[in-house]
Amino acid sequence: MERAENAGIGGCLQRDSTECKEYAGARSAARPETGETEIREPKLLERILFRDNMNRAYKRVKANKGAPGVDGMTVEEALPWLKEHGKELTESIQSGKYKPQPVRRKEIPKPDGGVRKLGIPAVIDRIVQQAVSQILAPIWEPIFSEGSYGYRPGRSAQDAILKIRGYVYDGYEWAVELDLSKYFDTLNHEKLLNLLRKEVADERVIQLIKKFLKSGVMENGIRIATEEGSPQGGLCGYRHKPPYAEINVMWSYQPSGLAA
């Protein structure tokens, strides 16, 4: 599998080499530092904008497909746009001038009769979010507690159930299931950013994440400011949930002997 992934141009699959050639002009010229990378390296943004990371992010977003954001751009239309504006995009991120678009609000019914509010970012913003996610995820993964199963690679709800069954065999009789009401809607931005700062030294990355959190929501043609919360449906919410939930919930309230 490793050979197949490295066989193409710029780390792309060989079958996608033609498309990767087209995308080459849209990739950043930034390169990571040589040698091992420390978690709190000051130039994390350059790793995010490294051309192979951006290329991998584009491919992931393309594979996931998904609906357009507020600008109406489809996943299929992203490649021509990146060919023309890719350099401008990465330069705007490096200079701090990049401004994500508001997410598009979409409500879906919940089984209990309420609605779940989803936020659909624009395709280009999803690519940038994916690029950030690919670099930050390996930083947080090693420091999660062993009892954490949500939003982690190689772990699932089924694994958590198997863990609980193991505790039952050990003689424990109770397992408690908790759900944080309106978690995504009420996430505290400053608490989250301060938690991220403990592991991320590059303040430019922190400010980039803050821009996604503050990008707002477009609902019925009106932009609504987002002072708290993170929209469900974007990678921003997906990747922010683990560090925030892990430190504020898992480590504080995990009962001894129970799997979370």
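Now for a quick tour of the structure. The model shown is predicted, which means the values in this text are computed figures rather than measured ones.

With that settled, the discussion passes to the overall build of the chain. On a plain count of helices and strands, the chain comes out with 11 helices and 4 strands. Per-residue burial over the chain gives 39% buried out of 260 residues. Within the chain, contacts between residues at least 6 apart in sequence are counted, and of these 68% link residues at least 24 apart. Total accessible area on the chain stands at roughly 15100 Å², and carbon and sulfur atoms take up 52% of it.

Evaluated as defined, the whole model comprises 8 salt bridges. Between Lys210 and Glu190 there is a salt bridge, with its nearest N and O atoms 4.0 Å apart. With Lys210 in helix H10 (residues 203-213) and Glu190 in helix H9 (residues 189-197), this residue pair connects regions lying 20 residues apart in the sequence. Residue class for Lys210 comes out partly exposed when judged on its relative accessible area of 28%. In this structure, the salt-bridge partner of Glu203 is Arg197, at a minimum N-O distance of 3.0 Å. Accessibility expressed as a relative area gives 34% for Glu203, which makes it partly exposed. One connected set of salt bridges, linked through shared partners, spans Glu46, Asp202 and Arg204.

Where helix H5 (residues 78-95) meets helix H6 (residues 123-140), the closest approach of the two axes is 11 Å, and the angle between their N-to-C directions is 55°. Here H5 lies oblique to H6, going by the angle between them. Every pair of crossing elements has a handedness; the one defined by H5 and H6 is right-handed. On H6, the residues touching Ala78, Trp81, Leu82, Leu89 and Ile93 of H5 are Val123, Ile124, Ile127 and Val128. Of the residues belonging to the contact of H5 with H6, the class tally is 9 nonpolar, no polar and no charged.

Next up on the list: helix H7 (residues 157-169). End to end, H7 covers 19 Å across 13 residues, agreeing with the expected 18 Å (1.5 Å per residue, within 8%). Looking at the residues trailing H7, positive phi occurs at Gly171, about 110°.

With respect to the secondary-structure elements, Val205 resides in helix H10. Sequence spacing of Val205 and Val132 is 73 residues, and the spatial spacing of their C-alpha atoms is 8.2 Å. Each residue touching Val205, except ones within four places of it in the same chain, is listed here: Leu44, Leu45, Ile48 and Val200.

Further remarks concern the nonpolar core. Core analysis: the biggest nonpolar cluster contains 40 residues, and Ile93, Ile127, Leu136, Leu208 and Ile209 have the highest contact counts within it. When residues of this core are traced back to their parent elements, those giving at least two are helix H3 (44-49), helix H4 (51-64), H5, H6, helix H8 (183-186), H9 and H10. If you tally residues by element for this core, the top one is H6, at 10 residues. For Leu208, the residues in contact, after removing those within four places along its chain, are Leu45, Ile93, Tyr98, Val128 and Val132.

Before going further, it helps to spend a moment on the environment of Ser215. Its place among the elements puts Ser215 in the loop between H10 and strand E3 (217-219). Setting aside anything within four residues of it in sequence, one finds Ser215 in contact with Pro100, Gln101, Pro102, Val103, Arg223 and Thr226. Separated by 3.0 Å, the side chain of Ser215 and the backbone oxygen of Phe212 make a polar contact.

The contact between H4 and H6 brings their axes to 8 Å, and the two run at 120°. It follows that H4 is oblique to H6 by the angle criterion. As H4 runs across H6, the sense of the crossing is right-handed. Between H4 and H6, the residues in contact are Asn53, Met54, Arg56, Ala57, Tyr58, Arg60 and Val61 and Val123, Arg126, Ile127, Gln130, Ala131, Gln134 and Ile135, respectively. When the residues that make up the contact of H4 with H6 are grouped by side-chain class, the tally is 8 nonpolar, 3 polar and 3 charged.

In this section: the environment of His189. Tracing the backbone shows His189 in helix H9. Residues His189 and Gly229, 40 residues apart in the sequence, show an inter-C-alpha distance of 7.0 Å. Those residues within four positions of His189 in sequence are excluded, and the remaining contacts are Leu213, Lys214, Thr226, Glu227, Glu228 and Gly229. In terms of polar contacts, His189 uses its side chain to reach the backbone carbonyl oxygen of Gly229, at 2.7 Å.

What counts and what doesn't
- Residues numbered from 1 in each chain as written.
- Predicted model: local features only at pLDDT ≥ 70, side-chain atom pairs only at ≥ 80, totals over all residues.
- Heavy atoms only, no water.
- Helix = DSSP H or I, 4+ residues; strand = E, 2+ residues; numbered from the N terminus.
- Buried < 20%, exposed > 50% of the residue type's maximum accessible area, 1.4 Å probe, protein only.
- Contact = heavy atoms within 4.5 Å.
- Areas by Shrake-Rupley, 256 points an atom, 1.4 Å probe, with all protein chains shown as cover.
- Salt bridge = Lys/Arg side-chain N within 4 Å of Asp/Glu carboxyl O.
- Axes fitted to C-alpha atoms, helices over the stretch in contact; angles between N-to-C directions.
- Parallel < 35°, antiparallel > 145°, perpendicular 65-115°, else oblique.
- Left-handed = near helix turned anticlockwise from the far one by under 90°.
- Nonpolar A, V, L, I, M, F, W, Y, C, P; charged D, E, K, R; others polar.
- Expected span 1.5 Å × (residues − 1).
- Core = buried A, V, L, I, M, F, W, Y, C linked by side-chain atoms within 4.5 Å.
- Polar contact = N/O pair within 3.5 Å; in protein donor to acceptor, adjacent residues only side chain to side chain.

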